[in-house]
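Listed below, chain by chain, are the residues.
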Amino acid sequence: MQKSWLIGLLLVSALSAARLELTAGTAYTYTAAGEITRVVNAGAELADVTQTAANKLRILPRKIGSAVIYYWTDKQEVLLVHIAGKKTLPPVVRAAPQNNGKYELYFKFDPANNTPVNQRLFIQSLEYGFLTNNGLRIDLLTRYKQNAVSAGEDTGQIEKASVRLSRNGNYLQAGDAVVRYSELTLPYLEMQGLTGHYRRGSLLLDGFAGRRPGNYWGQAVAENYILAKDREVSVGGGRLTWLARDDLALAYTLGSRTADRDNLVGSYSVQGGELNYRRGAYQVNTGLAASVQDKRNASAYRGEVNYDVEDYGWSIAYRDVAPEFRSLADYFDYGGLQGWSLYGRANPLRALSLSGSYENYRQRFDRREISNPDYSVERMRLRLGLDKLLFFRPAFLYHANYREAYRSSGLTAQLYEIELLRRRLWAYTDLSSWRYASPYAEYATHSTLSGLNYRRGWFNGKAEYVQEKYRFVFGGTAYDTEGWNLIANFGEFNLYRQVKLTVSLWQQSRRNDLDTLDKNRSSLRVRLGQTVGSLYWYLNGVAAQENSLFYEYEGEYDRSGYFYHAELVQSEISGGLVYRF
């Protein structure tokens, strides 16, 4: 029963994931709905991901493909990134000095936080690397965290630690690590133990052995999802790659997971082979894998063909993964999926871009593990972008999803950077309309966000009007919610001895036409920071007040009347320092 619930939850997460269509080499800033507490990039070979603010991620796509990014706000979120590009970017090479290090200190106090966790938070981390006389590079990392695990109980532990020895591209690492081999066998795995890489001529050998995170340290305070029954898990394996030619590579992977009988996922082994071939603008990737669990064999196949030139590109992939197949992965895999997907993009004109994706597959389930019936899925996504058309930038997106008797489709239009007053005042609007149909209900949602953005000197302000409509197509309840967002950034100012001050204010107001919601929220953020040689220090102050007036119901239909709530929901004082040496 627990496993059925978990698989169902992961499937729902995948269906509701946000999607981005990006171009290799062009950075993009993604804004989440809330403060991001943790980020996991499961497509590091395709894109670089950096958290630049509490709720912002900077994504730099490096080559074409589909990357998956996991992040946590008050819940786990999934971001699917489809990358097209004019050309594959070379890997980033950072020439490290012989000796370098970084010490970071961070603290946060927020008594208004409604949970004991993160009310008082203290983190220290130290990174140090040096080069020995014989050319051996040694890198050390440790991270200590003090946090609450329950009301009135604080715990301090080493959350992360590792030491890495490397020379001429070969390395051996002990401690925390992330292992990624291939989509079928090992797409992403966090572990604690030994990892290594060794190259001799055209042969590459990778290996890993250890346990899941939290088994050695950090279980009480680490921000991970490991359940109590999933602690004593050992993992191990390796990959052998033969670079037959510059354009042809063959690889074989073998791995295993060992756990107690009452473990949620259990013990199993997996092995697989891959072939990667490139010829001109074409690239072919194929993989075949098999897993064994409780004497049950299951197979998986994946084939993909990519074509990429400066102005055009496409990718077609086919997967056939048995429902019983298991990969060594921390996150959901393609178990039970059988079907294909197509992605294409074109830039026929300098100011015009077209992109789209289409998926058609069947989701199957292991009848001994979960009773859900198999179902078919068909998805389509089309995007038209126009760059600087006259004096604004329009973009249009159409999305459709069909799953047996369930259907959804929608249209999103964006008109932004509409220049009203040269270099001072811009207008923008986002329109979204969606329709959902199932055997139980059919309803539609419509949303509008329109705003003005004024920028002059140190001031940057936004005024946004928000309206959301929800209605059942064939009668029933319908309601509208509307309100305003007022956002003001007062710039950065130099105070005494180059101490920098930044101030921002955010005001939100919402009300619906049934008079059951009247909500106002105000937030003020102040930041101080200063760089002194190799040291940078900063202090943040955030105060958020929420006033809400809404109906609370007693019984099945009776409305007892208005209840007024006024509370301080955030009173954060945080800060820290970064010292590089």
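Above this text is the structure in question.
It should be emphasised that the depicted structure is a prediction, and the values quoted were computed from it without experimental measurement.

**A word on the overall build of the protein chain**
Point 1. On a plain count of helices and strands, the protein chain comes out with one helix and 33 strands.
Point 2. Relative to its full complement of 581 residues, the protein chain shows a buried share of 36%.
Point 3. Within the protein chain, residue pairs in contact and separated by at least 24 positions form 48% of the contacts whose partners lie at least 6 positions apart.
Point 4. Summed over all atoms, the accessible surface of the protein chain reaches about 32500 Å², with 55% contributed by carbon and sulfur.

**A closer look at the environment of Pro439**
Point 1. Note on placement: Pro439 falls in the loop between strand E26 (425-437) and strand E27 (442-456).
Point 2. C-alpha separation for the pair Pro439 and Tyr406, spaced 33 residues apart in sequence, amounts to 7.3 Å.

**What to know about the side chain of Arg364**
Point 1. Relative to the assigned elements, Arg364 resides in the loop between strand E22 (352-363) and strand E23 (375-386).
Point 2. Within the structure, the side chain of Arg364 is placed 2.8 Å from the backbone oxygen of Val321, a separation counted as a polar contact.
Point 3. Setting aside residues no more than four positions away along its own chain, Arg364 makes contact with Asp320, Val321, Ala322, Pro323, Gly335, Gly336, Leu337, Gln338 and Asp374.

**What about the nonpolar core?**
Point 1. Of all hydrophobic cores here, the largest spans 19 residues; its most connected members are Val179, Leu186, Phe208, Val235, Phe325 and Leu328.
Point 2. Those elements giving two or more residues to this core turn out to be strand E13 (189-200), strand E17 (268-279) and strand E19 (296-308).
Point 3. With sequence-adjacent residues up to four places away left out, Phe208 is seen in contact with Val179, Tyr181, Leu186, Leu189, Met191, Leu194, Thr195, Val235, Gly236, Gly237, Gly238 and Leu328.
Point 4. Grouped together as the second largest cluster of nonpolar side chains are 16 residues, Leu20, Leu46, Ile69 and Leu79 included.

**Some points on unusual backbone geometry**
Point 1. Even without being a glycine, Asn168 presents a positive backbone phi close to 55°.
Point 2. Within the secondary structure layout, Asn168 lies in the loop between strand E11 (153-167) and strand E12 (170-179).

**Observations regarding the pairing of strand E4 (residues 47-53)**
Point 1. Taken together, the six bridges between E4 and strand E5 (residues 56-61) define a ladder with antiparallel strand orientation. Pairing of Val49 across the sheet is with Ile59, part of E5.
Point 2. Here E4 hands over to E5 after two residues, the two strands then running antiparallel side by side.

**Side note on the side chain of Ser432**
Point 1. Structurally, Ser432 can be placed in strand E26.
Point 2. Separated by 2.4 Å, the side chains of Ser432 and Trp434 make a polar contact.
Point 3. Leaving out residues up to four positions away in the same chain, Ser432 has contacts with Leu411, Thr412, Thr445, His446 and Ser447.

**Remarks on the pattern of salt bridges**
Point 1. Counted according to the given criterion, the structure contains 23 salt bridges.
Point 2. For Arg319, the salt bridge goes to Glu183, with nearest N and O atoms at 2.8 Å. With a gap of 136 residues between them, Arg319 in strand E20 (residues 312-321) and Glu183 in the loop between E12 and E13 connect regions that are remote in the sequence.
Point 3. Between Glu359 and Arg379 there is a salt bridge, and its shortest N-O distance comes to 3.7 Å. Here the residue Glu359 occupies a position in strand E22, and Arg379 occupies one in strand E23, the gap between them amounting to 20 residues.
Point 4. Residue classification places Arg379 among the buried positions, given a relative accessible area of 10%.

**Description of the sheet that holds strand E2 (residues 28-31)**
Point 1. The sheet built from three strands is open, its strands ordered E2-E5-E4 with antiparallel pairing. On the outer flanks of this sheet lie E2 and E4, each paired with one strand and no other. With strand direction ignored, the average angle separating the axes of adjacent strands in the sheet is 30°.

**So, the packing of aromatic side chains**
Point 1. Taken as a whole and judged by the stated rule, the model has 19 aromatic pairs.
Point 2. Between Trp340 and Tyr358, the ring centres sit 5.5 Å apart and the planes meet at 55°, which makes this aromatic pair tilted. With Trp340 in strand E21 (residues 337-349) and Tyr358 in strand E22, the pair connects residues that are 18 residues apart, well separated along the chain.
Point 3. Summarising the aromatic geometry, the rings of Trp458 and Phe493 are spaced 5.6 Å apart at their centres and angled 55° between planes, so their arrangement reads as tilted. Linking Trp458 in the loop between E27 and strand E28 (459-472) with Phe493 in strand E29 (residues 478-494), this pair joins segments that are 35 residues apart in sequence.
Point 4. Taken together through their ring pairs, the aromatic side chains of Tyr128, Phe130, Tyr579 and Phe581 make up a single cluster.

**Considering a nonpolar patch on the surface**
Point 1. Nonpolar side chains collect at one region of the surface, where Tyr282, Leu288, Tyr301, Trp314, Ile316, Tyr318, Trp340 and Leu342 lie side by side and expose about 730 Å² of accessible area between them.
Point 2. Elements that contribute at least two residues to the nonpolar patch include exactly strand E18 (282-293), E20 and E21.
Point 3. With three residues, the top contributor of residues to the nonpolar patch is E20.
Point 4. Relative accessible area serves as the criterion here: at 55%, Leu288 is assigned to the exposed category.

Definitions and cut-offs
- Position labels on residues start from 1 in each chain and follow its written sequence.
- Whole-chain, interface and lining totals are the exception, using all residues; otherwise, since this is a predicted model, local features are given only for residues with pLDDT of at least 70 and side-chain atom pairs are given and counted only at 80 or more.
- Side-chain metrics in this entry use all non-hydrogen atoms of the structure; hydrogen atoms and water are not considered.
- Only DSSP runs of H or I covering at least 4 residues are called helices, and only runs of E covering at least 2 are called strands; the numbering of each starts at the N terminus.
- A 1.4 Å probe rolled over the protein chains alone gives each residue an accessible area, and that area as a share of the maximum for its type sets the label: buried under 20%, exposed over 50%, partly exposed in between.
- Residue contacts follow a heavy-atom distance rule, with two residues in contact if any of their heavy atoms lie within 4.5 Å.
- Working definition of accessibility: Shrake-Rupley area with a 1.4 Å probe, residue cover restricted to the visible protein chains.
- Think of a polar contact as two N or O atoms within 3.5 Å of one another; within protein, one of them needs to be a possible hydrogen donor and the other a possible acceptor, and neighboring residues in sequence only count if both atoms come from side chains.
- We call a set of buried residues a nonpolar core when its members are Ala, Val, Leu, Ile, Met, Phe, Trp, Tyr or Cys and they connect through side-chain atoms within 4.5 Å of each other.
- A pair of strands is labelled paired if DSSP reports no fewer than 2 bridges between them.
- Criterion for a salt bridge: a side-chain nitrogen of Lys or Arg within 4 Å of a carboxyl oxygen of Asp or Glu.
- Helix axes are fitted only over the stretch in contact, all axes being lines through C-alpha atoms; the angle between N-to-C directions runs from 0 to 180 degrees.
- Within 6.5 Å between ring centres, the rings of Phe, Tyr and Trp (the latter by its six-membered ring) count as paired, and their orientation is classed by plane angle as stacked under 30 degrees, edge-to-face over 60, tilted in between.
- Residues form patches when they are more than 30% accessible in relative terms and have no salt bridge. Like charges link within 9 Å. Nonpolar side chains (Val, Leu, Ile, Met, Phe, Trp, Tyr) link within 5 Å.

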